[in-house]
Structures are given as structure tokens and as C-alpha cells.
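Chain by chain, the residues run as shown.
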Amino acid sequence: MRAVTWQGKREVRVETVPVPEIEEPTDAVVRITSSGLCGSDLHLYEVLTPFMTPGDILGHEPIGVVEEVGSAVKGLKPGDRVVVPFQIACGHCWMCGAGLPTQCETTQVHDSGMGAALFGYTRLYGGVPGAQAEYLRVPQAQFGPIKVPDGPPDDRYVYLSDVLPTAWQAVQYADIPPGGSVAVLGLGPIGDMCCRIARLQRAEVVMGVDLVSERLRRARERGVETYDLRRYEGRQELVEEIRDRTDGRGPDAVIDAVGTEAHGSPVGRTAQQMSSMLPRAWAARLAERAGTDRLAALLTAIELVRRGGTISLSGVYGGMASPLPLMTMFDKQIQLRMGQANVRRWVDDILPLLTDEDPLGVDGFATHRLPLEEAPHAYEIFQRKQEEAVKILFQP
């Protein structure tokens, strides 16, 4: 089969690799019909390269059709149309029962001290082959795959794999009060969807911050108040303008949908670039013990949110030695919630919204639909924010 493989910093390649097979009784094999390119894939493209191995298959946002199931997989059969969540979870351990499948005790990656295994996301998360491929082996298939109806296009349901539950959880964690306000930092796919969900749940003021024209336009068209970072000399100007919009206090909640690749942190950028030049084994040890993040978005969130407000982190951070202004956070009584999305916890809330009425605009959410063979070009334009690429779907 054909699959997108990681080969080195800013280098992916489409290669022919073996078709996956059933290895455990709880496995399934799914033929992929669409698979998303996620912003967090770009961390593998550049920032998290020490934890990658050439030939790793990328991707974690698939929809497809079941080809084969293991003997222990009940309720799933060949021909079923399924969305596969990005995390791998058993559904029966204590963590899964508590609504935390990203911390699944069956698939936790103990060697690296991490939570549940993830598809296509470094050896830190199990080194499981990913979903930007023609076929995918799905461990723990008795729980993970989400059956969806035949008929509507893939775009209707594919975002259940990651984008929709990640944004839904970010808004839930933000705890926006009735009639309250929220600022979303970063209007990529997750931030854009956060704005849509917050408006659907009747936040009175939804503000979006970015510096990419196409992202700002998309948000404005859905009623979001947008703030173009290119208009401001520095962070303080942005903070003051948004405070003026919120009676001088700042928004009730801030969602950081950017993560470690935020603009404006040359020291963090230099440290990450230097790390990527080391041999992978050395760089991995350095990152595990003293890795730093580029914290521009998070520091903005801390300064921006009102006293007693909430910051919700959905952007990926990976540093183990990132400095934070804890005195300010303590003094402002900031509540902070974060983590990978617990996909299956939110599916029952989201599925009823995936209708012909399309209140979240999923049917037209993708800006690009490309053959798998064009993956190198897709990664390049997405990373460089070119060709108005906001959300890319591969169609193997």
C-alpha cells in the first residue's frame, strides 16, 4: 500500500509499505477513504523530530471502511463505515471508565511515561503506524472506532477523529459562563472550530486572534470578532484592545489553540533548531529533560484572561523545562485546564450536530482535498501557510 512516511526534518515521502494485518484478537483493519493533515503533524515535521524514526507512517485523523476484524471485536464487521479516534484506548480500564481514554491504562506507553498510545505520533506515544495511508491497523477496535452512517460525504464525519472533540473539549474546559466572553488564540482548524462551538453554545463575545488572512476571513464570516496580530507592535497592544472590549477586565476564558509553535519566541526557536541538529538519541534525551517551548501564545493567554478566569490549552506543548510566570498566575487566580482530547467522551454530544443543517460548517470545512501522493506538497504549504491552506484532507 501507499503511505506518508517521515524521513527527516521537513521531509515526508509517499512510499510503498506492507499492508497491515490483524495481529491481536482486538484488532481491526480499516481501508482509509479520507485522512486529515493535522496541525500537530507539523510538530513531527519540525519540533519533535528527535522522537521520530525514518519510515514512520504519519497521520491520525481517518475515516474509512472496515475490511477485517479480530476474533474479540464485537459490534463491528467488514463493510462498516467508521471514524477512528486519534488515541488508542480499551474502553474498560479505570481511566476509560472515568471518561479519560487519553490516559487509558491498557495502552499507556510506560517506557516513555506517557498516556495512551496515539496513531502516527512518535515513539513517545508507542510508535504506532499512522493513518495517512491506504490501510490502517486499529488496535483495541472493540472500543475505538465510531460507526457512522453511509451516505453523506466523508467531510461530514471525519473530524470526529480529532478536530471536533479537541475543539469541543477545549470549549468545555474553558468553562465560559452564560453570556460570557472567550478569546481564541490561533485560528487554524482547532481554533476555528472552537469559535464555532463557542458561538453555538451562546457565548456572547467570541474573539479570534491570528496573523493569517485566510484564517481571519473564515472566522469573520461566521460572526467571530477577529484581531490581526500584524496590526500590533507588541503583545501589550493586543491585550489592551481586547481588555477595552471586555469592560477593562479581559475575557472570561482564553483558549490557546496554538501551542509550542507560536510566533515571537526567538530563544525557544533557536533551542529547538539546535536540538534538531544533534544526533536523534542525544536530542531526545535533551528534550525529555530540558526541552523548552515557544510560549508566546500561552504567555499572551496568561496576560489576557481576566482575574479568576480560565485558560484552556488545546495546542500541543512538549517542553519539560518551560518557564511560566507562576506568581502572576497565582495572583490572578487563573484556572488552567489542558490535555489531549478524550474523543469517545464527547462523541454523543457532537454526533447530533452532524446533520444536513450543518450548524458547525463541517461539510465545507476543508480548504484542500488532495491525493495521498501529494503529501509532500501538502505538508509544505500547510507549514508555510501558503495557498490559503487551513485544513487539508488526503483521499487515498
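Residues numbered from 1 in each chain as written. Predicted model: local features only at pLDDT ≥ 70, side-chain atom pairs only at ≥ 80, totals over all residues. Heavy atoms only, no water.

## Notes on helix H3 (residues 163-174)
Next up, step 1: Across its 12 residues, H3 extends 16 Å between first and last C-alpha, which sits within 8% of the 16 Å expected from 1.5 Å per residue.
Next up, step 2: Burial runs high along H3: 11 of the 12 residues are buried.
Next up, step 3: Turning to H3, its buried residues number three or more, namely Val163, Leu164, Pro165, Thr166, Ala167, Trp168, Gln169, Ala170, Val171, Tyr173 and Ala174.
Next up, step 4: Against helix H4 (189-200), strand S11 (253-256), strand S12 (310-313), strand S13 (335-338) and helix H11 (343-350) lie the buried residues of H3.
Next up, step 5: Asp175 sits one or two positions beyond H3 and adopts a positive phi of about 55°. (Helix = DSSP H or I, 4+ residues; strand = E, 2+ residues; numbered from the N terminus. Expected span 1.5 Å × (residues − 1). Buried < 20%, exposed > 50% of the residue type's maximum accessible area, 1.4 Å probe, protein only. Contact = heavy atoms within 4.5 Å.)

## A word on a negative patch on the surface
Next up, step 1: Among the surface-exposed residues, Glu233, Glu237, Glu240 and Asp244 lie close enough to one another that they form a single negatively charged patch.
Next up, step 2: For Asp244, the location among the structural elements is in helix H6 (residues 235-245).
Next up, step 3: The exposure class of Asp244 is exposed, given its relative accessible area of 63%. (Patch = residues over 30% accessible without salt bridge, like charges linked within 9 Å, V, L, I, M, F, W, Y side chains within 5 Å. Areas by Shrake-Rupley, 256 points an atom, 1.4 Å probe, with all protein chains shown as cover. Salt bridge = Lys/Arg side-chain N within 4 Å of Asp/Glu carboxyl O. Lys, Arg positive; Asp, Glu negative; His and termini not counted. Charge placed at Lys NZ, Arg CZ, Asp CG, Glu CD.)

## A word on the environment of Val239
Next up, step 1: The topology assignment puts Val239 in helix H6.
Next up, step 2: On the basis of relative accessible area, Val239 is assigned to the buried category, the value being 0%.
Next up, step 3: Residues Val239 and Thr300 lie 61 residues apart in sequence; the distance between their C-alpha atoms is 7.7 Å.
Next up, step 4: Setting aside residues no more than four positions away along its own chain, Val239 makes contact with Glu303 and Leu304.

## Brief notes about the UniProt feature "domain: Alcohol dehydrogenase-like N-terminal" (unreviewed entry) in the protein
Next up, step 1: The feature "domain: Alcohol dehydrogenase-like N-terminal" (unreviewed entry), as annotated in UniProt, sits at residues 25-146 in this numbering.
Next up, step 2: The span residues 25-146 is 9% helix and 21% strand, and its two end C-alpha atoms sit 18 Å from each other. (UniProt positions renumbered as here; feature names shortened; annotations may be inferred.)

## Points about the side chain of Ser181
Next up, step 1: With respect to the helices, strands and loops of the structure, Ser181 is situated in strand S8 (residues 181-185).
Next up, step 2: In contact with Ser181, not counting residues within four places along its chain, are Ile176, Val205, Met207, Thr246, Pro251, Asp252 and Ala253.

## A look at the packing of aromatic side chains
Next up, step 1: Enumeration according to the criterion identifies 3 aromatic pairs in this entry.
Next up, step 2: Ring plane angle 75° and centroid distance 5.2 Å describe the contact between Tyr159 and Phe365, whose orientation is recorded as edge-to-face. Linking Tyr159 in the loop between strand S7 (146-147) and H3 with Phe365 in the loop between H11 and strand S14 (368-371), this pair joins segments that are 206 residues apart in sequence.
Next up, step 3: Across the ring face of Phe365, the terminal group of Arg218 is positioned such that the distance to the ring centre comes to 5.0 Å.
Next up, step 4: Note that Arg337 overlies the ring of Tyr173, its terminal NZ or CZ placed 3.8 Å from the centroid. (Phe/Tyr/Trp six-rings, centres within 6.5 Å; stacked < 30°, edge-to-face > 60°. Lys NZ or Arg CZ within 6 Å of the ring centre and 35° of its normal.)

## A look at the nonpolar core
If you look at soluble globular proteins, the nonpolar side chains tend to sit buried side by side.
Next up, step 1: Core analysis: the biggest nonpolar cluster contains 73 residues, and Tyr159, Leu160, Leu164, Met193, Tyr379, Ile392 and Phe394 have the highest contact counts within it.
Next up, step 2: In this structure, Leu164 is in contact with Tyr159, Met193, Ile197, Ile350, Leu354, Leu360 and Val362, ignoring residues within four places of it in sequence.
Next up, step 3: Of all hydrophobic cores here, the second largest spans 21 residues; its members include Leu238, Ile302, Ile311 and Leu313. (Core = buried A, V, L, I, M, F, W, Y, C linked by side-chain atoms within 4.5 Å.)

## Examining the pattern of salt bridges
Here the idea is simple: oppositely charged side chains can pair when their charged atoms come close.
Next up, step 1: By the definition in use, this model includes 25 salt bridges.
Next up, step 2: Of the charged contacts in the structure, one is a salt bridge between Arg13 and Glu15, with a shortest N-O distance of 3.4 Å.
Next up, step 3: As a salt-bridge pair, Arg137 and Asp27 come within 2.7 Å of each other at their nearest N and O atoms. Taken as a pair, Arg137 in strand S6 (residues 135-138) and Asp27 in the loop between strand S2 (11-16) and strand S3 (28-37) lie far apart in primary sequence, 110 residues in all.
Next up, step 4: Through salt bridges with shared partners, a single network forms among Glu11, Arg13 and Glu15.

## Topic: H4
Next up, step 1: The terminal C-alpha atoms of H4 lie 17 Å apart, and with 12 residues this matches the ideal 16 Å at 1.5 Å per residue to within 8%.
Next up, step 2: The element H4 is extensively covered by neighbouring structure, given that 10 of its 12 residues are classed as buried.
Next up, step 3: Listed in full, the buried residues belonging to H4 are Pro189, Ile190, Gly191, Asp192, Met193, Cys194, Cys195, Arg196, Ile197 and Ala198.
Next up, step 4: Its buried side turned inward, H4 meets H3, S8, strand S9 (205-210), helix H5 (213-221), S11 and helix H12 (375-384).

## Observations concerning the side chain of Asp228
Next up, step 1: Mapped onto the secondary structure, Asp228 falls in strand S10 (residues 225-228).
Next up, step 2: One polar contact links Asp228 to Arg230, side chain to side chain, over a distance of 2.8 Å. (Polar contact = N/O pair within 3.5 Å; in protein donor to acceptor, adjacent residues only side chain to side chain.)

## A look at the confidence of the model for the protein
Close inspection of predicted coordinates is inappropriate in any region flagged by low pLDDT.
Next up, step 1: Across the protein, pLDDT averages 91, with 90% of residues at or above 70.
Next up, step 2: Every residue in residues 262-293 scores below 50 in pLDDT, and together they form 59 contacts with partners more than four places removed in sequence or on other chains. (pLDDT = per-residue confidence, 0-100.)

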